[in-house]
Amino acid sequence: MCGIAGYVGGGDAIEAIMGGLSALEYRGYDSAGLAVLGPDGVVSVRKAAGKLANLRAALGEGSLSGRVGIGHTRWATHGPPTDHNSHPHADPGGRVYVVHNGIIENFHTLHAELAAAGAVFASDTDTEAIPLLVCQGLDAGLPLEEAIRQALKRLEGANSVAVISPLAPETIYCARLGNAGGVILGRGDGAVFAASDVPAIIPHTREMTFLENGQFAVVTAGGWELTDLDGAPLTAPVHTIAWDPVSAVKGPYRHFMQKEIHEQPQALIDTLRGRVHLDEGRVELPQMNLDAAFARRISRLHIVACGTSYYAGLAGKFMFETLARIPTEVSAASEYRYYDPIIDANTAVLIITQSGETADTLAAGEMARERGATLWAIVNALGSQATRIADGC
Ligand code: GLU
């Protein structure tokens with residue numbers, strides 16, 4: 001899951017995009033970036049790993065301006081969360097700039113094909129294939145809009161995108177392919193806002209159009225035209241959102257806890273996306289630093305956590321014992337140290353902490369490591385203390 005924000009209109013694109021991204025920051029905090037088409041027709045890009053505040057700092061005071069732009073907060077799936085993997089991604093000639101939400105499932109095939117044709121990749125992301133594919137179309141003589149549609153047709157998986165180009169300085173192209181995350185369009189005063197979710201649009205308008213699977217939008221300051229990927233015209237209803245900005249973030253739920261509970265299926269899908277290949281029976285968890293020899297040697301697993309994470313651990317015990325036949329104990333982190341737990345070099349300890357900073361859980365994990373266990377962490381906050389003390393995450 002990531003956040004996309006786009007703006008085309010008479011106002012300040014940077015301010016609009018940064019406002020949209022702050023409303024979407026909950027969707028990904030590995031990095032943030034934006035591309036804006038300046039009055040001189042030149043596209044400027046700023047990117048920064050980490051939270052949106054880093055991008056804000058990288059933007060400096062008023063050094064950029066423009067009336068058309070796209071921005072992104074990233075939840076990395078392909079390539080580590082670094083500056084150079086941050087979106088937007090572009091072709092080396094600077095003709096096409098893309099922000100992307102999702103996973104290009106056939107990325108390896110496209111990468112090999114593009115590399116064989118001489119393309120040079122500047123990032124580790126799957127996203128970069130998109131501008132390169134669009135440029136192949138441009139080089140073959142296709143007009144920009146058609147080149148984008150043809151490139152999108154090549155992508156397998158669930159993907160949402162927003163694209164700008166100096167070849168069409170008044171336009172943003174948006175598309176939603178599958179269920180990668182929303183693309184919502186809303187018309188404000190002399191401007192159109194595009195975003196992944198309602199909270200980014202609601203400060204500007206309550207009238208919104210939600211792109212459906214397979215819809216492609218050519219967006220200008222006056223509105224948008226919808227087609228499918230073959231260019232056949234489509235229409236889509238405009239919905240009036242009655243929520244206030246706080247309710248917009250909460251959606252139809254009464255409170256945030258209820259929202260989080262209902263979001264669990266999507267949170268799981270987002271976590272497993274790109275890591276579990278059900279059709280091939282293959283799982284890739286490179287951040288776990290787990291080799292096959294150690295996996296076979298593990299003789300016991302301790303899951304250690306507090307509060308709700310502890311309850312999640314109880315569900316985990318059932319799965320590890322049933323599926324992997326590894327004896328598993330679940331302990332409250334505040335108690336674990338006082339059990340004098342039995343730990344040896346074949347013990348794996350899995351700590352679960354949303355913030356990655358839960359003091360009892362960290363203390364338990366550190367003790368387990370000192371006693372020779374391999375320590376893993378399931379964490380929501382990248383770069384937190386838990387991710388730093390663990391052998392794998
Ligand atoms: N697959 C892309 C990446 O790794 C986009 C991930 C996202 O949805 O944030 O950069």
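None of the values given here were measured: they were computed from a predicted structure. (Residues numbered from 1 in each chain as written. Predicted model: local features only at pLDDT ≥ 70, side-chain atom pairs only at ≥ 80, totals over all residues. Heavy atoms only, no water.)

Undergrad: Help me understand the nonpolar core, please; the structure alone is not making it clear to me.
TA: Here is a general trend for soluble globular proteins: nonpolar side chains tend to be buried in one another's company. Counting 29 residues, the largest nonpolar core has Val96, Val134, Leu144, Ile148, Leu152, Tyr173 and Phe216 as its most contacted members. At 7 residues, helix H4 (residues 129-139) tops the list of elements feeding residues into this core. Among all residues touching Leu144, those that are not within four sequence positions of it are Val96, Val134, Leu138, Ser165, Leu167, Ala168 and Tyr173. Formed by 27 residues, the second largest nonpolar core is a distinct cluster that contains Ile17, Leu59, Leu64 and Met208. (Core = buried A, V, L, I, M, F, W, Y, C linked by side-chain atoms within 4.5 Å. Buried < 20%, exposed > 50% of the residue type's maximum accessible area, 1.4 Å probe, protein only. Helix = DSSP H or I, 4+ residues; strand = E, 2+ residues; numbered from the N terminus. Contact = heavy atoms within 4.5 Å.)

Undergrad: Whenever I open this one, the pairing of strand S10 (residues 191-195) confuses me. Can you help?
TA: Two faces make up the sheet, and in a regular strand the side chains alternate between them. Taking burial as the measure, the 5 residues of S10 include 5 buried ones, the bulk of the element. Burial of the side chains of S10 extends over both faces: Ala191, Phe193 and Ala195 are buried on one face and Val192 and Ala194 on the other. Where strand S9 (residues 184-188) meets S10, 5 bridges bridge the pair, whose relative direction is antiparallel. Within the sheet, the bridge partner assigned to Ile184 lies in S10 and is Ala195. The hairpin turn running from S9 into S10, its antiparallel successor, is 2 residues long, and Gly190 in that turn takes a positive phi close to 65 degrees. (Pairing = 2+ DSSP bridges.)

Undergrad: I keep staring at the side chain of Ser31 and nothing clicks. Help me out?
TA: Take Ser31: it is sitting in strand S2 (residues 31-37). Within the structure, Ser31 has its side chain in polar contact with the side chain of Ser86 (distance 3.2 Å). Setting aside anything within four residues of it in sequence, one finds Ser31 in contact with Ala48, Ala49, Gly50, His72, Thr73, Arg74, Thr82 and Ser86. (Polar contact = N/O pair within 3.5 Å; in protein donor to acceptor, adjacent residues only side chain to side chain.)

Undergrad: What should I look at first to understand the sheet that holds strand S21 (residues 374-379) in this one?
TA: With respect to topology, 4 strands assemble into an open sheet ordered S19-S18-S20-S21, the strand pairing being parallel. The open sheet has two edge strands with one neighbour each: strand S19 (328-332) and S21. Across the sheet, the axes of successive neighbouring strands diverge by a mean angle of 20 degrees, strand direction being ignored. Bridge count for strand S20 (residues 347-353) against S21 is 6 bridges, and the pairing is parallel. Considered in S21, the bridge of Val349 is made with Leu375. Those strands touched by helix H10 (residues 307-324) are strand S18 (300-305), S19 and S20, and its axis lies near 175 degrees from that of S19. (Axes fitted to C-alpha atoms, helices over the stretch in contact; angles between N-to-C directions.)

Undergrad: I'm lost on the pairing of strand S1 (residues 3-9) in this one. Help?
TA: The element S1 is extensively covered by neighbouring structure, given that 7 of its 7 residues are classed as buried. Residues of S1 alternate between two faces, with Gly3, Ala5, Tyr7 and Gly9 on one and Ile4, Gly6 and Val8 on the opposite face, all of them buried. Here S1 runs beside strand S4 (residues 68-74); their pairing, made up of 6 bridges, is antiparallel. Within the sheet, the bridge partner assigned to Val8 lies in S4 and is Val68. Sheet topology note: the S1/S10 ladder contains 5 bridges and is antiparallel. Bridging across to S10, Val8 finds its partner in Val192.

Undergrad: Help me understand a nonpolar patch on the surface in this model?
TA: On the surface, a nonpolar cluster with roughly 400 Å² of combined accessible area is contributed by Phe318, Met319 and Leu323. Residue classification places Leu323 among the exposed residues on the basis of a relative accessible area of 74%. (Patch = residues over 30% accessible without salt bridge, like charges linked within 9 Å, V, L, I, M, F, W, Y side chains within 5 Å. Areas by Shrake-Rupley, 256 points an atom, 1.4 Å probe, with all protein chains shown as cover. Salt bridge = Lys/Arg side-chain N within 4 Å of Asp/Glu carboxyl O.)

Undergrad: Looking at this structure, I do not really get the site of the ligand. What am I missing?
TA: Around the ligand, 15 residues are found, and the nearest of them are Cys2, Arg74, Thr77, His87 and Asp126. Between the ligand and the protein, one listed contact pairs an oxygen atom with a backbone N or O atom of Trp75 at 3.0 Å. Contact with the protein chains removes 100% of the 300 Å² of surface that the ligand exposes when unbound. When residues in the shell around the ligand are grouped by element, the largest group, 3 residues, is from strand S6 (residues 97-102). (Near = heavy atom within 4 Å.)

What is shown is where atoms sit, not what they do.
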